[in-house]
Amino acid sequence: AVIILLGPPGAGKGTQARMLQDAHGLVQLSTGDLLRAAVKAGTEAGRAAKAVMEAGGLVSDDIVLAILRERMAASDVSRGIILDGFPRTAGQAESLDGLLEAEGNTIAAAIAMEVDDGAMVERISGRYTCAACGEGYHDRFKVPAVEGVCDKCGGTEFSRRPDDKAETVRGRLEAYHAQTEPLIAYYEAKGVLSRVDAMARIDEVAEAMNTIVRRAI
Ligand code: AP5
Ligand code: ZN
């Protein structure tokens, strides 16, 4: 089974995908994380993606699909996959349909995480991540229990993303509205869409998502 998370930058896709992974034994696949890893490793795909990501645009479907296919083949996805940040264009959605059909797999749910644009800038500019395990935090909304120490792994190094600057965030929001938001109607037409109020507290959003996923898988 495949669960798709749709939502603008900062909606909380990564936060919720990690919680669903822990709660349901699903494998989280984030194309953003995979692309950042490729940039860091300096692979050919990473070199092509770097400038586009820093400018807040969308990386080409070819690169994203190649990276995703590679990771799917290398992961144990038998208990289900949670796609975070993919698909993001009509072309990617169609490619995903083809990929799943070939495997006899299906989309169990697409969850649209609804938020207003204004809140996004605040969320994204306060965000930071554990350098060791990737757990996400926020200066105000999600602080570690012990200041400066990761709750998950005890790590003490944290990093911020180069594309989390206000001017880049605006570009990312534009890309979302122009290219990704239309996918909500695409999955609604397939009868797999659910909507979640992602302006609520993290634990409240998690509860709503859990209910949807429990029913779907
Ligand atoms: P990607 O990494 O996917 O970034 P994004 O979609 O912009 O989403 P974010 O990671 O910024 O936000 P999120 O929704 O995961 O929120 P989070 O949980 O961190 O993509 C980055 C780039 O890669 C793209 O711009 C593009 O260039 C490229 N790319 C990736 N996939 C692609 C694809 N398929 N095709 C083409 N290009 C692609 O939460 C944000 C913050 O808010 C955190 O600090 C968190 O603690 C906090 N928070 C979360 N939930 C709440 C809440 N309910 N209340 C208060 N605070 C909250
Ligand atoms: Zn950590």
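The model shown is predicted, which means the values in this text are computed figures rather than measured ones.

Trainee: Is there a simple way to think about the site of ligand 1 in this case?
Mentor: Ligand 1 sits among 34 residues. The nearest are T15, G57, R88, R127 and R172. For ligand 1, a nitrogen atom lies 2.8 Å from a polar atom in the side chain of T31. Against a free-state accessible area of 1,000 Å², the protein chains account for coverage of 95% of ligand 1. At the level of secondary structure, the elements contributing two or more residues to the shell around ligand 1 comprise helix 1 (13–24), helix 2 (31–41) and strand 6 (136–138). Among the elements that make up the shell around ligand 1, the one with the highest residue count is helix 2 (four residues). Across the shell around ligand 1, the residue classes tally to 14 nonpolar, 10 polar and 10 charged.

Trainee: Help me out: how do you make sense of the coordination of the zinc ion (ligand 2) in this one?
Mentor: Six octahedral donors around a metal ideally subtend angles of 90 or 180 degrees, whereas four tetrahedral donors ideally subtend 109.5 degrees. Protein coordination at the zinc ion (ligand 2) comes from C130 (SG), C133 (SG), C150 (SG) and C153 (SG), with a distance range of 2.3 to 2.4 Å. Considering all four donor atoms around the zinc ion (ligand 2), the spread of angles at the metal, 99 to 113°, places the coordination shape in the tetrahedral class. Counting residues between consecutive donors of the zinc ion (ligand 2) along the chain gives the motif C-x2-C-x16-C-x2-C. The partly exposed category is assigned to C133, whose relative accessible area is 28%.

Thresholds applied
- Along each chain, residue indices are assigned from 1 in the same order as the chain's sequence is written.
- As a convention, the first chain written is A and the first ligand written is 1, with the rest following in written order.
- This being a predicted model, a pLDDT of at least 70 is required before a residue's local features are given, and a value of 80 or more before pairs of side-chain atoms are given or counted; all residues contribute to the totals for chains, interfaces and linings.
- Values reported for side chains reflect all heavy atoms of the structure, with hydrogen atoms and water molecules removed beforehand.
- Throughout this document, a residue counts as near a molecule or strand when at least one of its heavy atoms sits within 4 Å of that molecule or strand.
- Here a polar contact is taken to be a pair of N or O atoms separated by no more than 3.5 Å, where protein atoms must pair a possible hydrogen donor with a possible acceptor and residues adjacent in sequence count only if both atoms sit in side chains.
- Only the protein chains shown count as cover for residues, and all accessible areas are computed by the Shrake-Rupley method using a 1.4 Å probe.
- Helix numbers and strand numbers start at the N terminus; a helix is a DSSP run of H or I with at least 4 residues, a strand a run of E with at least 2.
- Think of it as three bins: nonpolar holds Ala, Val, Leu, Ile, Met, Phe, Trp, Tyr, Cys and Pro, charged holds Asp, Glu, Lys and Arg, and polar takes everything else, Gly as well.
- Listed donor atoms are N, O and S within 2.8 Å of the metal (Na, K and Ca: 3.2 Å). As water is not included, a site may look incomplete.
- Key to geometry: four donors with every angle between 85 and 135 degrees are tetrahedral; four donors are square planar and six octahedral where opposite donors lie over 155 degrees apart and all remaining angles lie between 65 and 115; all other sites are irregular.
- Residue burial is assigned from relative accessible area. The probe radius is 1.4 Å, only protein chains are included, and a residue is buried under 20% of its type maximum, exposed over 50%, and partly exposed in between.

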